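Okay, here's what each chain looks like letter by letter:
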Amino acid sequence: MSDVALSNQQTLKLKYAVELRRNRIEGADSDRPYVGLENIESGTGRLIASATTEIADGEFVSAVGDSLSAVFEAGDILFGKLRPYLAKAWIAEFNGRCSTELLPLRPEKIDPRFGLYVILSQQFIDAVDASTFGSKMPRADWEFIGNLPIPLPTQRQQSSIARFLDRETADIDALIAAKQRLLDLLAEKRRAIVAEAVMRGLDPTAPMRPSGIDWLGDIPAHWEIERSRWLFTERDQRS
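Now for a look at the structure at hand. (Residues numbered from 1 in each chain as written. Predicted model: local features only at pLDDT ≥ 70, side-chain atom pairs only at ≥ 80, totals over all residues. Heavy atoms only, no water.)

## Observations concerning the overall build of the chain
Phase 1: For the chain, the helix and strand inventory stands at five helices and 14 strands.
Phase 2: Here the chain has a C-alpha radius of gyration of 27 Å; the compact-globule value for 239 residues is 18 Å, and the former is much larger.
Phase 3: Taken along the three principal axes of its C-alpha coordinates, the chain extends 80 × 50 × 45 Å.
Phase 4: When burial is assessed residue by residue, the chain has 33% of its 239 residues classed as buried.
Phase 5: Excluding contacts between residues fewer than 6 apart, the proportion of contacts in the chain whose partners are at least 24 apart in sequence is 67%.
Phase 6: Taken as a whole, the chain presents about 15,600 Å² of accessible surface, with 53% of it coming from carbon and sulfur. (Helix = DSSP H or I, 4+ residues; strand = E, 2+ residues; numbered from the N terminus. Rg over C-alpha atoms; globule rule 2.2 N^0.38 Å. Buried < 20%, exposed > 50% of the residue type's maximum accessible area, 1.4 Å probe, protein only. Contact = heavy atoms within 4.5 Å. Areas by Shrake-Rupley, 256 points an atom, 1.4 Å probe, with all protein chains shown as cover.)

## So, the side chain of Ser 30
Phase 1: In this fold, Ser 30 is placed in the loop between β3 (24-26) and β4 (34-35).
Phase 2: Looking at Ser 30, the relative accessible area reads 16%, which means it is buried.
Phase 3: Reaching out from Ser 30, the side chain makes a polar contact with the backbone nitrogen of Arg 32 at a distance of 3.0 Å.
Phase 4: Beyond its immediate stretch of four places on either side in the chain, Ser 30 contacts Ile 25 and Arg 97. (Polar contact = N/O pair within 3.5 Å; in protein donor to acceptor, adjacent residues only side chain to side chain.)

## Points about the pairing of strand β11 (residues 102-107)
Within a regular beta strand, the side chains point alternately toward one face of the sheet and then the other, so they alternate between its two faces.
Phase 1: Most of β11 sits inside the fold, with five of its six residues counted as buried.
Phase 2: The pairing of strand β2 (residues 18-20) with β11 spans three bridges and is classified as antiparallel. Bridging across to β11, Leu 20 finds its partner in Leu 105.
Phase 3: Pairing of strand β8 (residues 77-80) with β11 involves four bridges; the strand directions are antiparallel. Across the sheet, the residue bridging to Gly 80 is Leu 102, located in β11. (Pairing = 2+ DSSP bridges.)

## Brief notes about unusual backbone geometry
Phase 1: Not every positive phi belongs to a glycine, and Arg 83 is a case in point at roughly 50 degrees.
Phase 2: By the element assignment, Arg 83 lies in the loop between β8 and β9 (89-91).

## Details of the pattern of salt bridges
Side-chain pairs of opposite charge can arise whenever the charged atoms involved come near each other.
Phase 1: Per the stated rule, a full pass over the model turns up nine salt bridges.
Phase 2: Arg 106 serves as the salt-bridge partner of Glu 19, at 2.5 Å between the closest nitrogen and oxygen. Of this pair, Glu 19 sits in strand β2 while Arg 106 sits in strand β11; the two residues are 87 residues apart in sequence, bridging distant segments of the chain.
Phase 3: The class of Glu 19 is partly exposed, set by a relative accessible area of 37%.
Phase 4: When its relative accessible area of 30% is taken as the criterion, Arg 106 is described as partly exposed.
Phase 5: One salt-bridge network, in which partners are shared between bridges, spans Glu 19, Arg 106 and Glu 108. (Salt bridge = Lys/Arg side-chain N within 4 Å of Asp/Glu carboxyl O.)

## Points about the nonpolar core
Side chains of a nonpolar character, in soluble globular proteins, are inclined to be buried together.
Phase 1: The biggest cluster of nonpolar side chains holds 28 residues, and the ones touching the most others in it are Phe 79, Leu 105, Phe 124, Trp 142 and Ile 145.
Phase 2: The leading source of residues in this core is helix α2 (residues 112-120), at five residues.
Phase 3: By size, the runner-up hydrophobic cluster in this structure holds 14 residues, among which are Ala 70, Leu 78, Trp 90 and Leu 102. (Core = buried A, V, L, I, M, F, W, Y, C linked by side-chain atoms within 4.5 Å.)

## Section: helix α5 (residues 155-200)
Phase 1: Under the 1.5 Å per step criterion, the end-to-end length of α5 is 66 Å for 46 residues, consistent within 8% with the ideal 68 Å.
Phase 2: Looking at α5, one finds that the buried residues are Gln 157, Gln 158, Ser 160, Ile 161 and Ala 162.
Phase 3: In this structure, the buried side of α5 is in contact with α2. (Expected span 1.5 Å × (residues − 1).)

## Some thoughts on the sheet that holds β8
Strands belonging to one sheet form pairs held by backbone hydrogen bonds; the direction of such a pair is parallel or antiparallel.
Phase 1: Pairing within the open sheet is antiparallel, and its four strands lie in the order β2-β11-β8-β9. Each edge of the open sheet carries a strand with a single partner, namely β2 and β9. Between one strand axis and the next, the sheet turns through 25 degrees on average, direction left out of account.
Phase 2: The strands touched by α2 within the sheet are β8, β9 and β11, with β9 carrying the most contacts at an inclination of about 175 degrees. (Axes fitted to C-alpha atoms, helices over the stretch in contact; angles between N-to-C directions.)

## Quick word on the packing of aromatic side chains
Phase 1: Evaluation of the coordinates by the stated rule reveals four aromatic pairs.
Phase 2: Arranged with centres 6.0 Å apart and planes meeting at 85 degrees, the rings of Phe 72 and Trp 90 form a pair that is edge-to-face. Within this pair, whereas Phe 72 is found in strand β7 (residues 68-72), its partner Trp 90 is found in strand β9, the two being separated by 18 residues in sequence.
Phase 3: A residue is classified by how much of its surface remains accessible, and Phe 72, at 0% relative accessible area, is buried.
Phase 4: When the ring of Phe 79 is compared with that of Phe 124, the centres are 5.9 Å apart and the planes differ by 75 degrees; the resulting orientation is edge-to-face. Of this pair, Phe 79 sits in strand β8 while Phe 124 sits in helix α3 (residues 122-129); the two residues are 45 residues apart in sequence, bridging distant segments of the chain. Each member of the pair, Phe 79 as well as Phe 124, is classed as buried.
Phase 5: Each member of the aromatic cluster is reached from another via a ring pair, and the members are Phe 72, Trp 90 and Phe 94. (Phe/Tyr/Trp six-rings, centres within 6.5 Å; stacked < 30°, edge-to-face > 60°.)

Below, the structure is given as structure tokens:
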């Protein structure tokens, strides 16, 4: 790890490590795909689909998007300044346009992957979040964000750290995905057990008969059927 050890002196203000792209474009005048804040997953640096977008065959397909958009190029780091505590950042994989609530940052003196990990770090996010203004729509200002000092080791160290984190986070993501599949299976089993007990009872040997109700199917022969309106009383209280 000595190869990637950082010195306390290896820091630089963010605005000197990246360049903020300030170009704007009207959505109606552009065929560039549009990326909104909702298309960036919190904390992971991944692009995701939304109600107005999809990812088909590896291609990002979007709707028209906002009328006025910021322009970004492949390799830029997009950082969400609105509600920065959501930690939304992504390295652009194609040329496009994005919400003006995203800051397109062109890496100059920083490895893009290393830069992404830096601005997604909890320390950086907390510092940006502490600077926000506006109670309902808290957002940070580039003047503050750009002046935050960030660690900046040599390019070789940056690449080594980024590769290490890519491997480690990929392993963690795989474990999370496996755990999620297990949780989904357990949830499905839970639903099946509940449905079986509620609709069929606890005795698997009990004789069955048609209920006469399509969605209910067969029920134990000794069970009765009653309309739910006779089993419940609707509360009609107002406050």
